[in-house]
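Residue-level structure breakdown
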Amino acid sequence: MSRTDRLMRLMDALRRLPAPVTAARLAEETGVSRRQLYRDIATLRAGGALIDGEAGLGYALTEDPALPPQSFSRLEIEALLLAVSGLRTLGDPELTRAGEDALARIIATLPESQGRHAMHTTMRLFREPAQRPSPQVDMALLREALWEERSLVIDYLDLQDAATTREIWPLGLSYSDNHMMLLAHCTLRQDFRTFHVPRIRAMRPGGTSFRPRRVALVRDYISRPCARRPQPG
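Scoring rules and cut-offs
Residues numbered from 1 in each chain as written. Predicted model: local features only at pLDDT ≥ 70, side-chain atom pairs only at ≥ 80, totals over all residues. Heavy atoms only, no water. Pairing = 2+ DSSP bridges. Helix = DSSP H or I, 4+ residues; strand = E, 2+ residues; numbered from the N terminus. Axes fitted to C-alpha atoms, helices over the stretch in contact; angles between N-to-C directions. Contact = heavy atoms within 4.5 Å. Phe/Tyr/Trp six-rings, centres within 6.5 Å; stacked < 30°, edge-to-face > 60°. Buried < 20%, exposed > 50% of the residue type's maximum accessible area, 1.4 Å probe, protein only. Salt bridge = Lys/Arg side-chain N within 4 Å of Asp/Glu carboxyl O. UniProt positions renumbered as here; feature names shortened; annotations may be inferred. Core = buried A, V, L, I, M, F, W, Y, C linked by side-chain atoms within 4.5 Å. Domains from an automatic or database assignment. Buried area = accessible area lost by both parts, 1.4 Å probe. Polar contact = N/O pair within 3.5 Å; in protein donor to acceptor, adjacent residues only side chain to side chain. Nonpolar A, V, L, I, M, F, W, Y, C, P; charged D, E, K, R; others polar.

Right, let's get into the sheet that holds strand β3 (residues 150-157). Taken in spatial order, the five strands of this open sheet run β6-β5-β4-β3-β7, and their pairing is antiparallel. Of all the strands in the sheet, the pair left with one neighbour each is β6 (191-196) and β7 (200-209). Each neighbouring strand pair of the sheet contributes to a mean axis angle of 45°, computed without reference to strand direction. As defined by bridge partners, strand β4 (residues 163-175) adjoins strand β5 (residues 180-186) across seven bridges and the pair is classed as antiparallel. Counted as the bridge partner of L173 is L182 from β5. Contacting β4, β5 and β6, helix α8 (residues 214-223) crosses the sheet at an angle of about 85° to β4.

Turning our eyes to something else, we now look at the packing of aromatic side chains. Scanning the entire structure with this criterion turns up three aromatic pairs. When the ring of Y156 is compared with that of F195, the centres are 4.9 Å apart and the planes differ by 85°; the resulting orientation is edge-to-face. Linking Y156 in strand β3 with F195 in strand β6, this pair joins segments that are 39 residues apart in sequence. Note on accessibility: Y156 and F195 belong to one class, buried. Each ring, one from W169 and one from F210, has its centre 5.2 Å from the other, and the planes form 5°; the classification is stacked. On the criterion of sequence distance, the pair formed by W169 in strand β4 and F210 in the loop between β7 and α8 is long-range, its members being 41 residues apart. Residues W169 and F210 agree in their burial class; the two are buried.

Time to look at the pattern of salt bridges. Think of it this way: side chains of opposite charge can pair up when their charged atoms draw near. Evaluation of the coordinates by the stated rule reveals 14 salt bridges. Here D92 ties to R143 by a salt bridge, and the two come within 2.9 Å at their closest N and O atoms. Of the two residues, D92 is situated in the loop between α4 (74-86) and α5 (93-108) and R143 in helix α7 (residues 139-148); the sequence distance between them amounts to 51 residues. Of the two residues, D92 and R143, neither departs from the other in class, the shared state being buried. What emerges from the salt-bridge pattern is a single network uniting D12, R16, R25, E29, R97 and D101.

As annotated in UniProt, the feature "domain: Helix-turn-helix type" (unreviewed entry) corresponds to residues 6-59 in the numbering used here. Span residues 6-59 is 59% helix and 13% strand, its end C-alpha atoms 17 Å apart.

Side chains that are nonpolar tend, in soluble globular proteins, to be buried together. If you look at the biggest cluster of nonpolar residues, it comprises 18 residues, and the most contacted ones within it are L26, L37 and I51. Only α1 (3-16), α2 (23-30), α3 (34-46) and β2 (58-62) provide two or more residues apiece to this core. Per-element tally for this core: the top contributor is α1, with five residues.

Our focus in this paragraph is the UniProt feature "domain: WYL" (unreviewed entry) in the chain. The UniProt feature table records "domain: WYL" (unreviewed entry) at residues 140-204. Structurally, residues 140-204 is divided into 14% helix and 60% strand, and its ends, taken at the C-alpha atoms, are 12 Å apart.

Glancing now at the domain arrangement of the chain. Looking at the assigned domains, one finds that the chain contains domain 1 (3-61), domain 2 (74-120) and domain 3 (139-228). At the junction of the two partners, domain 2 supplies four residues and domain 3 supplies four residues. Between domain 2 and domain 3, roughly 370 Å² of surface is buried when both sides are summed, and carbon and sulfur atoms account for 51% of that area. Looking only at domain 2, the three residues that lose the most surface to domain 3 are L90, D92 and E94, adding up to 83% of its buried area. For the interface between domain 2 and domain 3, the tally reads two salt bridges. The partner of R143 in a salt bridge is E94, and the shortest N-O contact between them spans 3.6 Å. Our count for the contact surface shared by domain 2 and domain 3 stands at two residue pairs in polar contact (both at pLDDT 80 or more). Taken together, the residues of the side of domain 2 that touches domain 3 sort by class into two nonpolar, no polar and two charged.

As structure tokens, then:
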């Protein structure tokens, strides 16, 4: 977990857990040792976060009263909760947890009446979880390569069960009920390819940066007629 993600998770835990929160509980929530937790709290305080308390007593976050509260209409609140609940059907636990953590931070900053509405929404999503094989690779590594625009070397088993190894520039992930697909630029073929993520058997950093070409490549792919788009693998 990156330092930024760790600090955001700590802020989220301080917002949503009943105060004061013990160091042991915060360390469990953020997945770090108590020693690291104390360092992270010091870092947040140095950055301006108003965190009361100390080791042995527990901690409480005081939101800055100078910041105006967030405000959403009732329909916007319903839409946010429906969207986040829909993440559970994608079969990606880390993505689901990220959405729920983000929503908890949003709700914590709402005015009281809107916060009550968020706790008692009228709309529900009833949908079966996606039926697809689980990825065999580290999704955190894949997402990091997408964000940082760095190549990956993958060992892939195509739809005919032929094994190949190739370096790719990952461009985007897409989810459907039956498939999780990775759009990439294949350096071997010098063209776009789509890969079934569960059929990627191994993945490692390729060491090549293709920044800032990701957005332009995705636009190029989208602009192609469907008939000219390459087949998977």
